[in-house]
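Residue-level structure breakdown
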Amino acid sequence: MNIDTIKNGYVIDHITSGNAMKIYELLELGKLDCQVAIITNAKSKKSGTKDIIKVGELINLDMDKLAYIDSNITINVVKNDKIIEKKKLTLPEKLVNVCMCNNPRCITSTEKELDQVFILTDKERNIYRCIYCETKLNKN
Amino acid sequence: MNKEVRHLTNIEELSVDEIDDLIKVANDIIANPNKYKDKCNGKILATLFFEPSTRTRLSFESAMLRLGGNVLGFSEANSSSVAKGESLSDTIQVVGGYADIIAMRHYKEGAPLVACNKSSIPIINAGDGGHNHPTQTLTDLLTINREKKRLNNLVIGLCGDLKFGRTVHSLITAMSRYKNIKFILISPKELELPEYVKKEVLEKNNIEYIETNNIEEYMSRLDILYMTRVQKERFFNEADYIRLKDYYILDKNKLKNAKDDLCIMHPLPRVNEISTDVDNDPRSKYFLQAKYGVYIRMALILKLLEVK
Ligand SMILES: [Zn+2]
């Protein structure tokens, strides 16, 4: 399969199979004016299959959201047909308004103007907790 | 936000030394109540109870009155501005102009953090949903200190709802900072202590614990037996509640192998987890425990108001 190479933009590579659509939605890539290509189940040397997203413009990518969905991702920054940088992601210490607390008893469910804030409480196990009620963030 | 104001939302915000100091002051209040009767003259405690809890509210009010202060507040959300749709942040900022310190109970977990971020005066969390209730834990610690004369070298039996029972979780957290503590966790399978408390508190601190569903099995080893109530509001399913609510009832017979100096505790109110025939056993300390709750709250109010 052949998808146009991009002149300026990003190739978001090594996305765990199945996560591309989550990224598409959370980063609202559908609202962009530029070309966006989503490739799912591409062959991968590392893990069998992977997803890839190509974005045809150097937009402001929200790295925290990307890392939250999938910290294995590599981001290739393309400028004038050349990859000028390969970015690896690290888990953000804090997630602000990336996801909602799903504890129905949490104060964020009634106090509407509050930011939804989660902090990384366990790096090894990739566990985030709501700063208000301390409920573990369930990523699914 | 005022950074200099000290609040208490969670027992872990207090160091072991600070807890020792609070216990010392509480013991001094018990010994010399007259010395403290005017310490908070002219000060006002606001009790903001968005969820009713008569016992906890009265305990706070008694504490402030015994310090010579005054109290105002509300005892449930539908008699307050919340019923008119005011946000918690707004309520807190308004009350900051009416009082010097707030004791707040809220049905939403994390509400105290929101309140503290907006408050110009100290806030004491008097319970937020199934989350934290630090003054209950302070009460428990004062009771253990007074009745056992120590906070280390103890075998503590926790019995009943260990899954949803927040008093149990924070007592475990608080006690795990003292030396040579062992826990006997007594509960039916369905109400076992959650995995994260075992992992993140007990195992992380290398604390010995045994799980059993038989209340009598380890009775003879216990220094403290902490009974809890199975609370209906923590269940999503009525049938489970009915099935589990009477699982453990402590009576005289079950105490036959217990130590003479066992200390029987309960955060109260009890429903029927402790048979009334245990009440006149000298080892029953739960009514004393409720009384101690007033003294430790007095000590806490003095600390947060920085009254010497
Ligand atoms: Zn929450």
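Structure: see above.
The notes below deal with the structure included here. (Residues numbered from 1 in each chain as written. Chains lettered and ligands numbered in written order. Predicted model: local features only at pLDDT ≥ 70, side-chain atom pairs only at ≥ 80, totals over all residues. Heavy atoms only, no water.)

**Structural notes on the sheet that holds strand β3 (residues 101–106) of chain B**
Residues and elements named next belong to chain B.
- Taken together, four strands build an open sheet; the order of strands is β2-β1-β3-β4 and the sheet is parallel. The open sheet has two free edges, formed respectively by β2 (70–74) and β4 (123–128), since each of these has just one partner strand. Across the sheet, the axes of successive neighbouring strands diverge by a mean angle of 15°, strand direction being ignored.
- Summarising the sheet, β3 and β4 pair through four bridges and their orientation is parallel. Paired with H106 across the strands is D128, a residue of β4. (Pairing = 2+ DSSP bridges. Helix = DSSP H or I, 4+ residues; strand = E, 2+ residues; numbered from the N terminus. Axes fitted to C-alpha atoms, helices over the stretch in contact; angles between N-to-C directions.)

**Quick notes on the environment of T40(A)**
All names here are of chain A.
- Mapped onto the elements of the fold, T40 is located in strand β2 (residues 36–44).
- Look at T40 and you get partly exposed, because its relative accessible area is 44%.
- When residues no more than four places from it in sequence are discounted, the contact partners of T40 are A20, K50 and D51. (Buried < 20%, exposed > 50% of the residue type's maximum accessible area, 1.4 Å probe, protein only. Contact = heavy atoms within 4.5 Å.)

**Some points on the pattern of salt bridges**
- All told, the structure shown has 26 salt bridges over all chains when counted by the stated rule.
- Across the salt bridge formed by E93(A) and K123(A), the nearest N and O atoms sit 3.1 Å from each other. Of this pair, E93(A) sits in the loop between β5 (82–88) and β6 (94–96) while K123(A) sits in the loop between β7 (117–122) and β8 (127–130), placing them 30 residues apart in sequence.
- A relative accessible area of 46% places E93(A) in the partly exposed class.
- As a salt-bridge pair, R57(B) and E61(B) come within 3.5 Å of each other at their nearest N and O atoms. In this pair, R57(B) and E61(B) are both assigned in helix α3 (residues 54–66), four residues apart and thus about one turn of the helix distant. For the residue pair R57(B) and E61(B), the accessibility class agrees, reading buried in each case.
- The network of salt bridges with common partners includes K189(B), E192(B), E195(B), K198(B), K199(B) and E211(B). (Salt bridge = Lys/Arg side-chain N within 4 Å of Asp/Glu carboxyl O.)

**Thoughts on unusual backbone geometry**
- P269(B) follows L268(B) through a cis peptide bond whose omega is 0°.
- Its identity is not glycine, yet N97(A) carries a phi of approximately 55°, on the positive side.
- The topology assignment puts N97(A) in the loop between β6 and β7.
- For N97(A), a relative accessible area of 42% gives the class partly exposed.
- Of note, the phi angle at N180(B) is positive, near 55°, even though the residue is not glycine.
- For N180(B), the location among the structural elements is in the loop between α7 (166–175) and β6 (181–186).

**Focus: the coordination of the zinc ion**
Residue and element names in this part refer to chain A.
- Within the protein, the atoms that donate to the zinc ion are C101 (SG), C106 (SG), C130 (SG) and C133 (SG), at distances of 2.3 Å.
- Considering all four donor atoms around the zinc ion, angles at the metal cover 101 to 117° and the coordination shape is tetrahedral.
- Sequence spacing of the donors to the zinc ion: C-x4-C-x23-C-x2-C. Note that C101 is positioned in the loop between β6 and β7 and C130 in strand β8, a separation of 29 residues in sequence.
- Accessibility expressed as a relative area gives 13% for C101, which makes it buried.
- Given the relative accessible area of 2%, C130 is considered buried. (Donors = N, O, S within 2.8 Å, 3.2 Å for Na, K, Ca; no water. Tetrahedral: all angles 85-135°; square planar, octahedral: opposite > 155°, others 65-115°.)

**As for the packing of aromatic side chains**
- Evaluated as defined, the whole model comprises two aromatic pairs over all chains.
- Judged by centre distance (5.1 Å) and plane angle (80°), the ring pair of F50(B) and F74(B) falls under edge-to-face. Here F50(B), found in the loop between β1 (44–49) and α3, pairs with F74(B), found in strand β2; they are 24 residues apart in sequence, far enough to count as distant.
- A cation over an aromatic ring shows up here: R129(A) above the ring of Y196(B), its NZ or CZ 5.6 Å from the ring centre. (Phe/Tyr/Trp six-rings, centres within 6.5 Å; stacked < 30°, edge-to-face > 60°. Lys NZ or Arg CZ within 6 Å of the ring centre and 35° of its normal.)

**Some thoughts on the sheet that holds strand β3 (residues 48–55) of chain A**
All names here are of chain A.
- What the five strands build is an open sheet, ordered β2-β3-β1-β4-β5; its pairing is antiparallel. The open sheet terminates on both sides in strands that have one partner only, identified here as β2 and β5. For this sheet the average axis-to-axis angle between neighbouring strands, irrespective of direction, equals 20°.

**Brief notes about the pairing of β3(B)**
- Of all six residues that make up β3(B), six are buried, and the element is covered over most of its length.
- For the crossover from β3(B) across helix α5 (residues 111–118) of chain B to β4(B), the handedness is right-handed. (Right-handed = clockwise from strand over helix to strand, strands pointing away.)

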